[in-house]
Amino acid sequence: MSKIAFIGLGIMGGPMAGHLVAAGHDVTGYDVVPAGLDKLKAAGGATAGSVAEAVRDKDIVITMLPQDEHVEAVFTEILEHAAKGTLYIDFSTIAPKTSQWTAAEGAKKGLRVLDAPVSGGETGAVNAALSIMVGGSEEDFQAAAPVFAAVGKTFELVGGNGSGQCVKAANQLVVGGTYALVAEAILLMENLGADAKKGLDVLAGGLAGSRILELKRESMLARNFVPGFRIDLHHKDMGIILAAARQAEVAIPMGALTAQLIQSARAMGYGSLDHSGLLRVLEVLSGKDEA
């Protein structure tokens, strides 16, 4: 079992750190929000008063943070205080270039670095059923396997440093586009007089089936948009996707449209809703908004 520092104990990081404690690891957590620290204590973990305190003398340092600037700031502290040979795993969703920067800077200090963004949302984090896409070396991936096994169901090494973030961008591209199409399908059925609930049940069992239809169709029909993953965060991810597409010189017209719909959701004041709340945007565009 490993001595682990876990930085970022929010909606995703909190349950993940708890699973590592349950797996027998010695976990010390840090977060700027006290509630995350309290939950980790209740799960049997230890807490620290700073990043520096958390990462000293640890085998593995993990971050799960909202945006690139948070990762950059915390990693700068990690570079200063973590021991040579420490394995750094970043579960955050950030730009590939930021993950490549952490790898390059980490190598200068003797740290081993993996980018390991996750998919599955809050439900996946709570149930230890995340899908993890990992960028880095095979040796470091194998060393991190016990951590991945404790928090996820599927984990794959998809390439060198930054590759995990590339695959996560592709994941968010598909997720955002699928939510938009499911929302359109709901409105189409509801406004043509079909039973949308039964219709989605049929769609879920056919070629149109998806994890989104499996997990979210009932909450979308009920207009229950309690966030598992907020529109604000998906908006951030769409920025990463558009920048990556430009870097790769790849046309993503459907992705660009999805980015505009998500931007519209934020402009309408829906940024704190679950990303399935794209249904609200399409209701407004269709003149069907009841608000």
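Keep in mind the model is a prediction, meaning the values are calculated, not measured. (Residues numbered from 1 in each chain as written. Predicted model: local features only at pLDDT ≥ 70, side-chain atom pairs only at ≥ 80, totals over all residues. Heavy atoms only, no water.)

> So what exactly am I meant to see when it comes to the overall build of the protein chain here?
When helices and strands are tallied, the protein chain shows 13 helices and 9 strands. Its C-alpha atoms give the protein chain a radius of gyration of 20 Å, within 12% of the compact-globule value 19 Å for 291 residues. Put simply, 65% of the contacts in the protein chain that link residues at least 6 apart link residues at least 24 apart. If you sum the accessible surface of the protein chain, you get close to 13500 Å²; carbon and sulfur atoms cover 55% of it. Each charge sign in the protein chain was given a centre, from 24 positive and 32 negative side chains, and these centres are 1 Å apart. (Helix = DSSP H or I, 4+ residues; strand = E, 2+ residues; numbered from the N terminus. Rg over C-alpha atoms; globule rule 2.2 N^0.38 Å. Contact = heavy atoms within 4.5 Å. Areas by Shrake-Rupley, 256 points an atom, 1.4 Å probe, with all protein chains shown as cover. Lys, Arg positive; Asp, Glu negative; His and termini not counted. Charge placed at Lys NZ, Arg CZ, Asp CG, Glu CD.)

> Mind showing me how you'd approach the packing of aromatic side chains here?
Under the counting rule described, the total for this entry stands at 6 aromatic pairs. On the numbers, 6.2 Å between centres and 55° between planes, the contact of Phe-141 with Phe-155 is tilted. In this pair, Phe-141 sits in helix H7 (residues 138-151) while Phe-155 sits in strand S9 (residues 152-159), placing the two residues 14 residues apart along the sequence. On the numbers, 5.7 Å between centres and 45° between planes, the contact of Phe-148 with Phe-155 is tilted. Taken together, the aromatic side chains of Phe-91, Phe-141, Phe-148 and Phe-155 make up a single cluster linked through ring pairs. (Phe/Tyr/Trp six-rings, centres within 6.5 Å; stacked < 30°, edge-to-face > 60°.)

> Even after reading the chapter, I still don't get the nonpolar core, so can you show me in this structure?
Side chains of a nonpolar character, in soluble globular proteins, are inclined to be buried together. Counting 30 residues, the largest nonpolar core has Met-16, Ile-89, Phe-91 and Phe-148 as its most contacted members. Among the secondary structure elements, those contributing two or more residues to this core are strand S1 (3-7), helix H1 (13-22), helix H2 (34-43), strand S4 (60-63), strand S5 (87-90), strand S8 (130-135) and H7. Grouped together as the second largest cluster of nonpolar side chains are 29 residues, Met-189, Leu-213, Ile-262 and Leu-279 included. (Core = buried A, V, L, I, M, F, W, Y, C linked by side-chain atoms within 4.5 Å. Buried < 20%, exposed > 50% of the residue type's maximum accessible area, 1.4 Å probe, protein only.)

> How should the packing of H1 against H7 be read in this particular structure?
The axes of two packed helices give the description: the angle between them and the distance between them. Packing of H1 against H7 leaves a shortest axis separation of 8 Å and a crossing angle of 115°. Between H1 and H7, the angle falls in the class roughly perpendicular. Here H1 runs over H7; the crossing is right-handed. Between H1 and H7, the residues in contact are Met-16, His-19 and Leu-20 and Val-147, Ala-150 and Val-151, respectively. Tallied by class, residues from the contact of H1 with H7 come to 5 nonpolar, 1 polar and no charged. (Axes fitted to C-alpha atoms, helices over the stretch in contact; angles between N-to-C directions. Parallel < 35°, antiparallel > 145°, perpendicular 65-115°, else oblique. Left-handed = near helix turned anticlockwise from the far one by under 90°. Nonpolar A, V, L, I, M, F, W, Y, C, P; charged D, E, K, R; others polar.)

> Would you mind showing me how to read unusual backbone geometry here?
The phi angle of most residues is negative, glycine excepted, and most peptide bonds adopt the trans form. Although it is not a glycine, Asp-57 adopts a positive phi angle of roughly 60°. If you trace the backbone, Asp-57 turns up in the loop between helix H3 (51-55) and S4. Overall, the relative accessible area of 60% leaves Asp-57 in the exposed class.

> Whenever I open this one, the packing of helix H9 (residues 196-204) against helix H10 (residues 211-221) confuses me. Can you help?
Close contact between H9 and H10 brings their axes to 10 Å; oriented N to C, the two are set at 170°. Between H9 and H10, the angle falls in the class roughly antiparallel. On H10, the residues that touch Ala-196, Lys-197, Leu-200, Asp-201, Leu-203 and Ala-204 of H9 are Leu-213, Arg-217 and Leu-221. Grouping the amino acids of the contact of H9 with H10 by side-chain chemistry returns 6 nonpolar, no polar and 3 charged.

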